[in-house]
Amino acid sequence: MPRIGYAPGAFDLFHVGHLNLLRQARSHCDFLIAGVASDEILGEHKGVSPVVPLAERLAIVGSIRAVDRAYPAVTADKLVIWRELQFDVLFKGDDWRGTEKGDRLERAFAAVGVEVIYFPYTLATSSTALRRTLRNIDAMAERGTPTAHASLPHALFQLSPIASSK
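Residues numbered from 1 in each chain as written. Predicted model: local features only at pLDDT ≥ 70, side-chain atom pairs only at ≥ 80, totals over all residues. Heavy atoms only, no water.

A. Layout of the side chain of K78. Examined against the element boundaries, K78 turns out to sit in helix α4 (residues 78-85). Of the buried charged residues, K78 lacks a salt bridge, with D77 as the closest side chain of opposite charge at 7.9 Å. Once residues lying within four places of it in the same chain are set aside, the contact partners of K78 are P8, F87, L90, K92, L105 and F109. (Helix = DSSP H or I, 4+ residues; strand = E, 2+ residues; numbered from the N terminus. Buried < 20%, exposed > 50% of the residue type's maximum accessible area, 1.4 Å probe, protein only. Lys, Arg positive; Asp, Glu negative; His and termini not counted. Salt bridge = Lys/Arg side-chain N within 4 Å of Asp/Glu carboxyl O. Contact = heavy atoms within 4.5 Å.)

Here it is, written out as structure tokens:
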């Protein structure tokens, strides 16, 4: 019987931390479902509006080789989602480990026979840090700072590993 995994997330401003989570999750199951939180859930439970709308986040996540199915999560209640999808293992970042919400999640899923596996949180990059950077760029643009204008994409390209490897 195939082992089905579920990796929930916002997957907004998709970055290497998201990719790491999905790749690691796939190595622990035969079939990986990535739960992509709806725009409403992000607003209600994280207090943020996504930069990338749900339909586009589903398309991005669904195109990742490690993901077998991208699922639109329209509820934050993971047990409701489990009742529909019947996954065997739930994957979370280790920022949940040892927290009240993580402990509650583990107890709820232990009761239905679902294993919870934590993966190391990618500290170097996060959607929160990317949002902060975008706010700073907007603030620089409002002040008329030159790097916030046309030179910014050029500067970013010069700093990218792809550009510097040539």
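So that's the structure; there's more coming.
B. How the structure looks around unusual backbone geometry. In the Ramachandran plot, F11 falls in the positive-phi region, its phi being about 55° despite a non-glycine side chain. With respect to the secondary-structure elements, F11 resides in the loop between β1 (4-9) and α1 (16-26). Residue L13 is not a glycine yet carries a positive backbone phi of 50°. Mapped onto the elements, L13 comes out in the loop between β1 and α1.

C. The nonpolar core, seen in detail. Ranked by internal contacts, the top residues of the largest apolar core, which has 19 residues, are A7, F11, L22, L32, V61, V67 and F91. Mapped by element, the contributors of at least two residues to this core are α1, β2 (31-37), α3 (54-62), β4 (89-93) and β5 (115-119). With near-sequence residues (within four places) excluded, V61 lies in contact with F11, F14, L22, A34, V36, V67 and A70. Counting residues in each nonpolar core, the second largest holds 16 residues, with A73, L105, F109 and V116 among its members. (Core = buried A, V, L, I, M, F, W, Y, C linked by side-chain atoms within 4.5 Å.)

D. Representation of the sheet that holds β2. Overall, parallel pairing links the five strands, which are arranged β3-β2-β1-β4-β5 in an open sheet. Of all strands in the sheet, those bounded by a partner on one side alone are β3 (69-73) and β5. Neighbour-to-neighbour, the strand axes of the sheet open up by a mean angle of 30°, direction not taken into account. Helix-sheet contacts for α4 involve β1, β2, β3 and β4, and the interaxial angle to β3 is about 135°. Across the sheet, helix α5 (residues 100-110) is in contact with β4 and β5; its angle to β5 comes to roughly 145°. (Pairing = 2+ DSSP bridges. Axes fitted to C-alpha atoms, helices over the stretch in contact; angles between N-to-C directions.)

E. Main features of the environment of A34. In this structure, A34 sits in strand β2. Setting aside residues up to four positions removed in sequence, A34 forms contacts with Y6, A7, F11, L22, V61, V67, R69, A70 and Y71.

F. Summary view of α1. Every buried residue of α1 is accounted for by G17, H18, L21, L22 and A25. Angularly, the buried residues of α1 cover 135° about the axis, an arc narrow enough to put them on a single face. (Arc of directions from axis to C-beta.)

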